[in-house]
Amino acid sequence: MDKIDVPPPGREDLPLSLLEMGCSGRFELLTHPLPRTKPLPSQTTLPHGLPPTSLDLKMEVEKRFLQDPAWMPIHDTNDAFQKFLKLSKRDRHVDSLLHCPLSPLHSSLSVVRDPTTGMLQDFTEVLLEHTGLSAKNSLSLHRQPGPPAESLRGSSTNYPFLPGGMEELTLEQIQKKSEREEDIDFEHDLLTVPPGLKAGMDFSHKEAKITKGDVNLLSLLSTFDDIIDALPDEKEKGLESGEASKMARTNSLEDLGIKDTLAPTAAPSGGHPAPAADRTDEGTVKDRKEKAEKKWAVPVDISSPCGDFYKRIPDPAFKYPFELDVFQKQAILRLEAHDSVFVAAHTSAGKTVVAEYAIALSQKHMTRTIYTSPIKALSNQKFRDFKNTFGDVGLLTGDVQLNPEASCLIMTTEILRSMLYNGSEVIRDLEWVIFDEVHYINDAERGVVWEEVLIMLPEHVSIILLSATVPNAVEFSQWIGRIKKKHIYVISTVKRPVPLEHYLYTGNSTKTQKELFLLLDASGSFLTTGYYAAVEAKKERTSKHAQSFGAKNASHNTTHSQDRAVWQTLLNYLSMRQQTPVVAFTFSRTRCDDNARALTMLDLTSSTEKNEIHSFFQKSLSRLRGSDRQLPQILQMRDLLKRGIAVHHSGILPILKEVIEMLFSRGLVKVLFATETFAMGVNMPARTVVFDSIRKHDGTGFRNLLPGEYIQMAGRAGRRGLDATGTVIILCKAGVHDMSDLHAMMLGKPTVLQSQFRLTYTMILNLLRVEALRVTDMMRRSFSESHRDTQAHERRIAELRTMLSSLPPLDTEGQLSDLLSYYHTVTELRITTERLQQAVMESVSGLKALSVGRVVVVNNAQHVNTLAVVLQVSSDAVNRTFTALIMCEKGKEETPGAQMGPSHTHLHSKRLFIPEGPCSHTVQKLKAQDITAITVKTLKVIPERIIDNYNKRQQPRFRLDPPGQAISTATQELLRLAEANPDGVATLDPVNDLHLKGVDVVEAVMRQRVLQESLKDFHCSHSPTFTEQFTRVQERMAVQEELDRLLFLVSDQSLTLLPEYHQRIKVLEALNYIDGSGAVQLKGRVACQISSHELLLTELLFENTLSPLAPEESAALLSCLVFTQNTQIEPHVPSTIQEAIDRVLNVAQRIGELQRDHGLPQTAEDFVSQFKFGLTEVVYCWARGMPFAEIAQLTDVQEGTVVRCIQRLDEVLKEVRQAARIVGDAVLGSKMETASLSIRRDIVFTASLYTH
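Residues numbered from 1 in each chain as written. Predicted model: local features only at pLDDT ≥ 70, side-chain atom pairs only at ≥ 80, totals over all residues. Heavy atoms only, no water.

Observations concerning the overall build of the protein chain
Defined as follows: Only DSSP runs of H or I covering at least 4 residues are called helices, and only runs of E covering at least 2 are called strands; the numbering of each starts at the N terminus. Relative accessibility under 20% of the residue-type maximum defines a buried residue, over 50% an exposed one, and the middle range a partly exposed one, all with a 1.4 Å probe and only protein chains included. Should any heavy atoms of two residues lie within 4.5 Å, those residues are counted as being in contact. Computed with a 1.4 Å probe, the accessible areas rest on the Shrake-Rupley method; for each residue, only the protein chains presented here act as cover.
A tally of regular secondary structure across the protein chain gives 45 helices and 27 strands. Counting all 1252 residues of the protein chain, 45% fall into the buried class. Counting only contacts in the protein chain whose residues sit at least 6 apart along the sequence, the fraction spanning at least 24 positions is 72%. Counting only carbon and sulfur atoms, one obtains 54% of the accessible surface of the protein chain, whose full area is about 67200 Å².

In structure tokens form, the structure reads like this:
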């Protein structure tokens, strides 16, 4: 192509040019005026020419002379100069750019030796399997490891490993050919002579050589196949021999052995099949096996002692200095057998023993264990505990990575999820995953993560689940067992190592400080005497006015001074009785702070304890900056701690919380005011637990504590080995709580484990990028779909298919040609009539018409189009029954008709039943659905007399008495009516007579008329064999309908979340994250990197919202993704940030509206309102270097919350940096790094005391 010379820019040319930004396909318009002398600027930011073949000279010199001690010119400067000259005279090897990795070898050589002497005889070529597999194309564990840099966290372009329990493609699925594939006969149709050559390959079949000497089993098997194929005359012997020959081909020696033993019985006479009886016996055995194996959850009996424990495990992986409980021994026995376990036990029962043993086992086996916890603080604590016990322990949380190559890794569940999706190499060596606090799966926001991890774990990983006591442990384990196809052993214990005693406390002054009443004793008996004593004690002090309200005024709030009096009194009393340390659970952060501050007069520590507290406090905070040590919260807490009082909630600075936890575990904190989070896994038992209130706010409104929450918190009372019993005290500040509330809370069932599974865009995109995994598989395996017993359904489907094939064929020739369409019309008519009937029966006018004496038409299993008269109507509105006198044939009063199913004759024939012989009667209770029509006729009857007479004649001695006058008259009237109107009596019309004007009713009546008319046009009803053939159709259709229903249940269409999945897919398509065929695009790959608010962040990246902002402004803007509270103070931010905030809100509004348009239930307003900008000013000032003491003054948000938000913001910035790299925007990536560095300082990122 000729070079085109561009003329220099003239006066008329606009000073515009396009600048290509990286590799993302984005361009920026440059509009600055150009100086006359300079040519046009380069049209791209990408470098021109060949990529560099070696390091930049300046960089290499710096690296060598400044970093490598051997090169440093300390002694011999001359030598150093020579070295420099060598460095500078470099040859360029352009060939190095063309280097390709070698393709993997597909075969290797194997040695053939003489089996007796071992002499080398020959080499054979062996084909290698799994050679082309890599993390980019395979789910197999046989794939080659990825680069070392990705071994820990994996990469978003990696495939995950195949989840356990998910089947790989079966042989049948692989053999199914697509439209473009065709069969090639590799024996007959092959070309043998290549073009241009005279001779070619000979593909004719060779006879197998018969070798003498030792028998080699494998060669024997391979020739066996050849012999079978080489006997053409055997093929003509039919299917039997075919089956016999197929049997010999097998993949395992065990199968071959079984088949050999079966051979004599299976084919006694030269290839004839075994008798049918033998085969059915085999089949039933197989069925029984299947049924026996269906129980995946195996409850373990822990009632009897485990006597042979030390005999079965003579050399345990970990020795404990104390005797283990039965449940711990049973769990360890299961771990030794490499089984998965679910251990449900109360707090401090010793569940950690099971986790420790698994870690010790994996160290013994030289494998790895992952321990996951729901809370970062708990991860840090466990790291310290396990580090002291095992040494080789690592920690991975959002902001910390310590010793990642250790054999035991402690991490949060979110990190494990991302490692599984990203195909981390750690998963290969994994033997155990320990899930602590599994009841956290009930958390609405994060519960889905546990389910995803459980579903995604590969088959070779065993699972240990540790949980508080839950009622449905077996059901939950059954679900895990079914999806993983392995047994889960359920070990539950309700025994507490330290029993609890629950008290009510009504004291509020020195005089009444001993008013402590036992409500629930250590054996679990509820003592009403204690309750009434507390009510009495409280009553004595209440005024006459308040007494009229009784015990109900417990919910009334108390004043601050009253609270202080109660706490002062109680804590003095408890310290006097040596009942400290005390944890006081208070369900409000401000109340925690207020209660602690109010106790100015209380001092619970001795001088030596004060000294110890002071030195530990100073030592722990020595790593903080000077100004940070003077923060108001730290100074306040120091004064409280010296007196043995502390506060623990999310608003407290993380380092302070750790100081408090450590002092508490040493017994130096005597009273700890804490919120509920303190009970969540943090293993800090106390002597006494006090409940400030039994009501809490759960985000939507106030409610009483649930039994599970109460047990979890109360379980902190009682230290194993120190206390005989634990004390739990409930304060009755305003009055005594309602007895029923207390009883339900203390003795109610804890909350069941419930699925919180929901679809997220990250999950969908992560699964879409891997062809072999489908989102519907994930949904089908979720706990929310655990009721789907697919295997049982599949067995039933197979039965129904067999049943269907065994039914006699339908005769649909000649007159019966329209039989099937007749059946469908009758079915539709039946459904329409039943709906109409239901509407009539539920209406007021319908029930009014069905009064005593009304003549009705009855259709059920016994009667067809029979007239009856209503005698009595029950008052039960739910299952209303009608007692009626019905006429019938003589002798058929009691026996139901031959056909047990309800007949559909009344739908196509209105002919009334008229007895052929003498007319008799019966009195029966009819359901609403038995009455198919209400006639316009009524009879005068005396119901009581008829019923009494009928009941009397049911007794044996009066059985032959003639019927009474009232019954005879009524029966004769009915018979006369039927004979006068053989083709049916006029009935009440639902619309015209009963005045039901609903649209559904009117439509149903019209539909009913049309269908009844259309039945007259069918010919099949005139056929002589119609009744018999119609019954056959009904039988066949009943089976077919059940089959269709089950096929629907096992299909993806019945998944609860399927509609939402399709809606989310449409949203992703509309935003170009995936294309029409579901392939993940660039935007989708970026979104895979981001763990929360993935759509908003990706859109901001692609719309360049963050590019014009400075690093600190970007950090301030992104704080909206991690901050979730409402604030009273409006932040003051620069105009650039304000403009960016408006753009973020616009993008959020657009995404919200798009989701709404595609049918997702969340409104655009709700979607936008989840982004809170209350901390933008705080983060902006922090990133610009303002001290923490000053930024704390800018907001009403508590210090601990600010620190936690900034820590989480750092994780978001890392994700954005990673995403910018994928897009190719290096400038934004470096900005995010700068922003991350600017916020990672001082008190916010002080290392945890547990990890250092």
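Thoughts on the side chain of S362
The criterion, for reference: Throughout this description, a polar contact denotes any pair of N or O atoms lying within 3.5 Å of each other; where both atoms belong to protein, one of them has to be capable of donating a hydrogen while the other can accept it, and for residues adjacent in sequence the pair is counted only when both atoms sit in side chains.
Residue position: S362 is located in helix 11 (residues 352–365). Only 2.9 Å separates the side chain of S362 from the backbone oxygen of I359, close enough to count as a polar contact. Not counting the four nearest positions on each side in its chain, S362 is found in contact with T367, R368, T369, S407, E431 and W432.

Details of the pattern of salt bridges
Just so we agree on the cut-off: By salt bridge we mean one thing: a side-chain nitrogen of Lys or Arg within 4 Å of a carboxyl oxygen of Asp or Glu.
Overall, the coordinates contain 25 salt bridges when judged by the stated rule. Salt-bridge contacts for R703 lead to E709; the nearest nitrogen and oxygen are separated by 2.9 Å. Both residues of the pair, R703 and E709, count as buried. The residue R796 makes a salt bridge to E1042 at a minimum N-O spacing of 3.0 Å.

Let's talk about the sheet that holds strand 25 (residues 881–889)
This is how the line gets drawn: Between any two strands, at least two bridges found by DSSP are needed for them to pair. For helices, the fitted line uses only the C-alpha atoms of the stretch in contact; every axis is such a line through C-alpha atoms, and the angle between N-to-C directions lies from 0 to 180 degrees.
Ordered by their spatial adjacency, five strands build an open sheet running 26-25-24-23-27, and the pairing between neighbours is antiparallel. Of all strands in the sheet, those bounded by a partner on one side alone are strand 26 (919–927) and strand 27 (931–938). Strand after strand, the sheet turns through a mean of 35° between neighbouring axes, direction not considered. Where helix 33 (residues 965–980) meets the sheet, its contacts fall on strand 23 (854–858), strand 24 (866–873), strand 25, strand 26 and strand 27, and the angle it forms with strand 25 comes to roughly 70°.

Some details on the pairing of strand 15 (residues 516–520)
Burial analysis of strand 15 places four of its five residues in the buried class, the great majority of the element. Where strand 14 (residues 500–505) lies against strand 15, four bridges are found, and the strand directions are antiparallel. Its bridge partner lying in strand 15, H502 is registered against L520.

Observations concerning the sheet that holds strand 5 (residues 297–299)
On the basis of which strands lie adjacent, the open sheet formed by nine strands has the order 5-13-6-12-11-7-10-8-9 and mixed pairing. Two strands lie at the open edges of the sheet, namely strand 5 and strand 9 (401–402), each paired on one side alone. The pairing of strand 11 (residues 430–435) with strand 12 (residues 462–467) spans four bridges and is classified as parallel. Bridge pairing links I434 to I464 in strand 12. Against the sheet, helix 10 (residues 326–336) makes contact with strand 6 (340–345), strand 11, strand 12 and strand 13 (488–493), and its axis sits at roughly 165° relative to strand 6, the strand it touches most. Across the sheet, helix 15 (residues 473–484) touches strand 5, strand 6, strand 12 and strand 13, and the angle it forms with strand 13 is around 165°.

Here we look at the confidence of the model for the protein chain
The condition that has to hold: Confidence of the predictor at the level of single residues is given by pLDDT, which spans 0 to 100.
Of all residues in the protein chain, 81% have pLDDT values of 70 or greater, and the mean over the chain is 77. At the low end of the mean pLDDT range in the protein chain sits helix 7 (residues 253–266), at 39; at the high end sits strand 11, at 93. Here residues 227–293 is a poorly scored stretch, pLDDT under 50, and it has 24 contacts once near neighbours within four places are set aside; other chains count. The low-confidence segment residues 895–902 (pLDDT under 50) makes seven contacts with residues lying over four places distant or belonging to another chain.

Regarding the packing of helix 10 against helix 11
What counts is decided by this rule: An angle counts as roughly parallel when it lies under 35 degrees, as roughly antiparallel when it exceeds 145, as roughly perpendicular when it falls between 65 and 115, and as oblique in every other case. In this scheme, a crossing is called left-handed if the near helix is turned counterclockwise away from the far one by less than a right angle; it is called right-handed if the turn is clockwise. Under the scheme applied here, ten amino acids are nonpolar (Ala, Val, Leu, Ile, Met, Phe, Trp, Tyr, Cys and Pro), four are charged (Asp, Glu, Lys and Arg), and all others, including Gly, are polar.
One can describe the packing of helix 10 onto helix 11 by two numbers: an axis separation of 10 Å at closest approach and a directional angle of 25°. With respect to each other, helix 10 and helix 11 are oriented roughly parallel. Considering only the axes of helix 10 and helix 11, their crossing is right-handed. Residues Q328, A331, I332, L335 and E336 of helix 10 form the contact with helix 11, whose own contacting residues are V353, V354, Y357, A358 and L361. Considering only residue class, the contact of helix 10 with helix 11 consists of eight nonpolar, one polar and one charged.

Topic: a nonpolar patch on the surface
For clarity, the threshold we go by: A patch is a set of surface residues, each over 30% in relative accessible area and not in a salt bridge, joined within 9 Å for like charges and within 5 Å for the nonpolar side chains Val, Leu, Ile, Met, Phe, Trp and Tyr.
A surface patch of nonpolar side chains, about 400 Å² in accessible area, is lined by L109, V111, L120 and F123. Contributing elements (two or more residues each) for the nonpolar patch: strand 3 (107–113) and strand 4 (120–127). Counting through the fold element by element, L120 comes out in strand 4.

Focus: helix 45 (residues 1226–1239)
Stated formally: Multiply 1.5 Å by the residue count of a helix minus one, and that product is the helix's expected span.
Relative to the 20 Å expected for 14 residues at 1.5 Å per residue, helix 45 spans 20 Å between its end C-alpha atoms, a close match to the ideal helical length. Every buried residue of helix 45 is accounted for by L1228, G1229, K1231, M1232, A1235, S1236, S1238 and I1239.

Topic: the packing of aromatic side chains
Rules: To pair, rings of Phe, Tyr and Trp, with the six-membered ring standing in for Trp, must have centres within 6.5 Å; the planes then decide the type, stacked if under 30 degrees apart, edge-to-face if over 60, and tilted in the middle. For a lysine, the NZ atom is tested; for an arginine, the CZ atom; a charge sits over a ring if that atom is within 6 Å of the ring centre and within 35 degrees of the ring normal.
Within the structure shown, the criterion is met by 17 aromatic pairs. With a centroid separation of 5.1 Å and an interplanar angle of 90°, the aromatic rings of F476 and F783 are classed as edge-to-face. In this pair, F476 sits in helix 15 while F783 sits in the loop between helix 27 (775–780) and helix 28 (790–806), placing the two residues 307 residues apart along the sequence. With respect to class, F476 is no different from F783; both count as buried. With a centroid separation of 5.7 Å and an interplanar angle of 80°, the aromatic rings of F1167 and F1171 are classed as edge-to-face. Judged by relative accessible area, F1167 falls into the buried class, the value being 9%. For F1171, a relative accessible area of 5% gives the class buried. Taken together through their ring pairs, the aromatic side chains of F318, Y320, F322, Y371, F386 and F390 make up a single cluster. Lying across the ring of F161, R143 places its NZ or CZ 4.0 Å from the centre. The lysine or arginine in question, R1064, covers the ring of Y761, its NZ or CZ lying 4.8 Å from the ring centre.

Regarding the side chain of S1119
For S1119, the location among the structural elements is in the loop between helix 39 (1111–1118) and helix 40 (1135–1157). What S1119 contacts, discounting residues up to four positions off in sequence, is K1172, L1175, T1176, V1179 and L1209.

A word on the packing of helix 38 (residues 1094–1102) against helix 40
Packing of helix 38 against helix 40 leaves a shortest axis separation of 10 Å and a crossing angle of 125°. Judged by the inter-axis angle, helix 38 sits oblique to helix 40. Crossing of helix 38 over helix 40 shows right-handed handedness. Here helix 38 contributes L1095, L1096, E1099 and L1100 to the contact with helix 40, which in turn contributes V1144, V1147, A1148, R1150, I1151 and Q1155.

So, the environment of G748
Mapping G748 onto the fold places it in the loop between helix 25 (739–747) and helix 26 (761–768). Sequence separation between G748 and L706 is 42 residues; the distance between their C-alpha atoms is 8.2 Å. Aside from chain neighbours lying at most four places away, what touches G748 is P707 and H743.

Some thoughts on the environment of P147
Of note, P147 is situated in the loop between strand 4 and helix 3 (171–175). Along the sequence, P147 and E425 sit 278 residues apart, while their C-alpha atoms lie 9.5 Å from each other.

A word on the environment of Q636
Looking at the secondary structure, you find Q636 in helix 22 (residues 632–642). Judged by relative accessible area, Q636 falls into the partly exposed class, the value being 39%. Taking the C-alpha atoms as reference points, Q636 and A646, ten residues apart in sequence, are found 9.8 Å from one another.

Quick notes on the state of the cysteines
Selection rule: The disulfide criterion is simple: two cysteine sulfur atoms within 2.5 Å.
In the structure shown here, the tally under the stated rule is zero disulfides. With no disulfide of its own, C919 has C888 as its nearest cysteine by sulfur position, at a separation of 7.1 Å. Given a relative accessible area of 22%, C919 falls into the partly exposed group.

A look at unusual backbone geometry
Leaving glycine aside, a negative phi is the common case for residues, and trans is the common case for peptide bonds. In this model, M366 sits at a positive phi of 60°, which is unusual for a non-glycine residue. Of note, M366 is situated in the loop between helix 11 and strand 7 (368–373). Accessibility expressed as a relative area gives 76% for M366, which makes it exposed. Residues other than glycine seldom take positive phi values, yet N1072 does so here, at roughly 65°. Structurally, the position occupied by N1072 is in the loop between helix 36 (1058–1070) and helix 37 (1082–1088). N1072 sits in the exposed class, given a relative accessible area of 51%.

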